[in-house]
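Descriptive analysis of the structure
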Amino acid sequence: MRTYLSSSELARILQKLTRRLTWPAMLALLLMQAAITYFLFVLAQESELISDPVRFFYYNMVVVSTVGFGDFSPTTDLGKAIVALWQIPSGLIVFASFIGKTTQLFIDIARKNMNGSNDYSHLTDHILLLCWDEHSTNQIVQLILGDKKRQQRRILLCVTQDMKNPLPDVEEVSFAKLGAFSDTKELDRIALRKAQRIIIDGKSDDETLSIALSIATFADKNANITAHFFDETKAQLLKIHCPNIECSIDNSAQMMVRSMQDPGSSKVTEKLLSTLDGATLYSFLVPSLEKSITFGELFDTFKHHYDMILIGFSKHKNGQEMNLNPNSNSLVNSGFYLHYIAHERLDENDINWKEIK
């Protein structure tokens with residue numbers, strides 16, 4: 001009958017013990033090993049090793065990590081016996097446990113990021129992408145990251161499907177798998193209340209509508225929320241219940257007709273919506289002004305001083321009452337949203353409003 005443990009069995013036992021060992025217990029183990037070693041050196045009268053606490057700490061770490069520089073060593077026979085029979089064996093166990101615990105920590109972090117179980121409740125001012133589609137979600141991420149002057153918000157992809165992180169190589173994107181978008185604990189885990197940008201793109205209009213209605217109550221009232229629909233009636237239904245959510249409607253039929261009537265229209269639209277190539281469409285909020293400014297004055301100043309083309313304005317964040325290509329005498333006031341075309345994003349702080357006459 002075998003009475004000894006093989007190296008692989010011993011490794012498995014140590015691995016299990018390391019997993020159960022908490023970080024406070026790990027620290028206590030390190031301190032206990034160092035304290036016992038120090039006390040034994042006191043008994044052995046190894047004055048050179050224990051006279052300076054920093055020197056002892058350095059020496060002990062060199063020994064237990066098996067680096068062994070040799071610049072310090074015991075001089076007495078008892079001191080050498082302590083090193084051979086206690087410091088090296090105990091140090092190896094403690095150091096191996098520490099390395100195993102640290103390695104397991106990184107493995108757990110990577111595993112949680114892959115299976116979506118991480119806690120993101122600490123995030124603020126982030127972007128939530130709710131639902132996953134291999135083509136559209138990839139494109140959404142590329143377009144967000146293509147905005148070179150965007151605020152560096154963390155992107156959090158949230159799904160309910162049973163899947164692994166589909167974008168593990170994109171550093172700006174984290175992944176969360178939820179049980180349901182109606183679960184308040186899950187919504188707290190993705191910090192829904194602190195998100196400032198939310199995109200809802202379900203696999204069907206019913207799913208998009210359901211998610212939008214579920215999160216509307218808990219989301220920040222000032223957050224920019226957009227939901228994509230194919231059926232305009234579903235979008236209208238959502239607007240009735242959640243007027244602050246901006247709904248985008250699939251416009252493939254309109255684009256086909258416009259391309260037939262005005263060749264190149266589809267390419268113009270593609271350029272205006274894409275952040276990946278050339279000038280595109282942006283918007284910002286007009287800050288507090290001393291007095292109203294005419295659209296014509298803004299148009300001339302924006303074009304000549306900032307190389308941007310002003311195309312219209314809206315009184316509401318979600319685009320309601322949009323006024324495209326208004327009369328030059330139309331007044332623009334504080335709190336309006338200006339829509340413009342430019343090669344890169346500019347916000348209200350980039351504009352010298354006092355120079356506009």
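Located above this text is the structure these notes cover.
Before going into details, it helps to say that this report is about the structure given with it. Numbering of residues begins from 1 in every chain and follows the order in which that chain's sequence is written. For this predicted model, a pLDDT threshold of at least 70 governs which residues receive local features, and a threshold of 80 or more governs which side-chain atom pairs are given and counted, while totals over whole chains, interfaces and linings are taken from all residues. For the side-chain quantities, the full set of heavy atoms in the structure was used; hydrogens and water were omitted.

**Brief notes about the overall build of the chain**
- Per the convention used, a helix needs a DSSP run of H or I reaching at least four residues, while a strand needs a run of E reaching at least two, with both numbered from the N terminus. Scanning the chain from terminus to terminus reveals twelve helices and twelve strands.
- Taking 21 Å as the expected radius of gyration for a compact globule of 357 residues, we find that the chain reaches 31 Å, considerably beyond that expectation.
- In terms of principal-axis extent, the alpha carbons of the chain reach across some 100 × 55 × 35 Å.
- Carbon together with sulfur atoms contributes 57% to the accessible area of the chain, which is approximately 21,200 Å² in total.
- For the chain, the distance from the average position of its 36 positive side-chain charges to the average position of its 41 negative side-chain charges is 5 Å. Just to be clear, the radius of gyration here is over C-alpha atoms, and the globule rule we use is 2.2 Å times residues to the power 0.38. Surface exposure here means Shrake-Rupley accessible area, sampled with a 1.4 Å probe, where a residue is shielded only by the protein chains that are shown. Charge counting treats Lys and Arg as positive and Asp and Glu as negative, with His and both chain ends excluded. Where a charge sits is defined by one atom per residue type, namely NZ (Lys), CZ (Arg), CG (Asp) or CD (Glu).

**Description of the packing of helix H2 (residues 23-43) against helix H4 (residues 53-64)**
- Note on geometry: axes are C-alpha line fits, over the in-contact stretch for helices, and angles between N-to-C directions span 0 to 180 degrees. As a packed pair, H2 and H4 sit with axes 11 Å apart at the nearest point and diverge in direction by 110 degrees. On the basis of their axis angle, the class for H2 and H4 is roughly perpendicular. In this structure, the crossing between H2 and H4 has a hand that is right-handed. Between H2 and H4, the residues in contact are Gln33, Ala34, Thr37, Tyr38 and Phe41 and Phe56, Tyr59, Asn60 and Val64, respectively.
- Note on residue categories: nonpolar means Ala, Val, Leu, Ile, Met, Phe, Trp, Tyr, Cys or Pro, charged means Asp, Glu, Lys or Arg, and polar means any other residue, Gly included. For the contact of H2 with H4, the class distribution of residues is six nonpolar, three polar and no charged. Oblique is the label for every angle not falling under 35 degrees (roughly parallel), over 145 degrees (roughly antiparallel), or within 65 to 115 degrees (roughly perpendicular). By the definition used in this description, the sense in which the near helix is turned from the far one sets the handedness, with an anticlockwise turn below a right angle giving left-handed and a clockwise turn giving right-handed. Note on definitions: a residue-residue contact is assigned when non-hydrogen atoms from the two residues lie within 4.5 Å.

**Some words on the pairing of strand E7 (residues 280-285)**
- Side chains of E7 alternate between two faces, with Thr280, Tyr282 and Phe284 buried and Leu281, Ser283 and Leu285 left unburied.
- By definition, two strands form a pair when at least two bridges between them are found by DSSP. Where E7 meets strand E12 (residues 337-342), six bridges bridge the pair, whose relative direction is antiparallel. Looking at E12, one finds that leucine 281 is bridged to isoleucine 341. To sort residues, take the accessible area from a 1.4 Å probe on protein chains only and compare it with the maximum for the residue type: under 20% means buried, over 50% means exposed, and anything in between is partly exposed.

**Side note on the packing of helix H8 (residues 205-216) against helix H9 (residues 232-241)**
- Following both chains from N to C, one finds H8 and H9 inclined at 5 degrees, their axes separated by 10 Å at the closest point. In terms of orientation, H8 and H9 fall into the roughly parallel class. Across the interface between the two elements, Asp205, Asp206, Leu209, Ala212 and Leu213 from H8 touch Lys234, Leu237, Leu238 and His241 from H9.
- Looking at the contact of H8 with H9 residue by residue, the class counts come to five nonpolar, one polar and three charged.

**Looking at the environment of serine 210**
- Within the fold, serine 210 resides in helix H8.
- Given the relative accessible area of 42%, serine 210 is considered partly exposed.
- Along the backbone, serine 210 and leucine 128 are 82 residues apart, and their C-alpha atoms lie at a distance of 16 Å.

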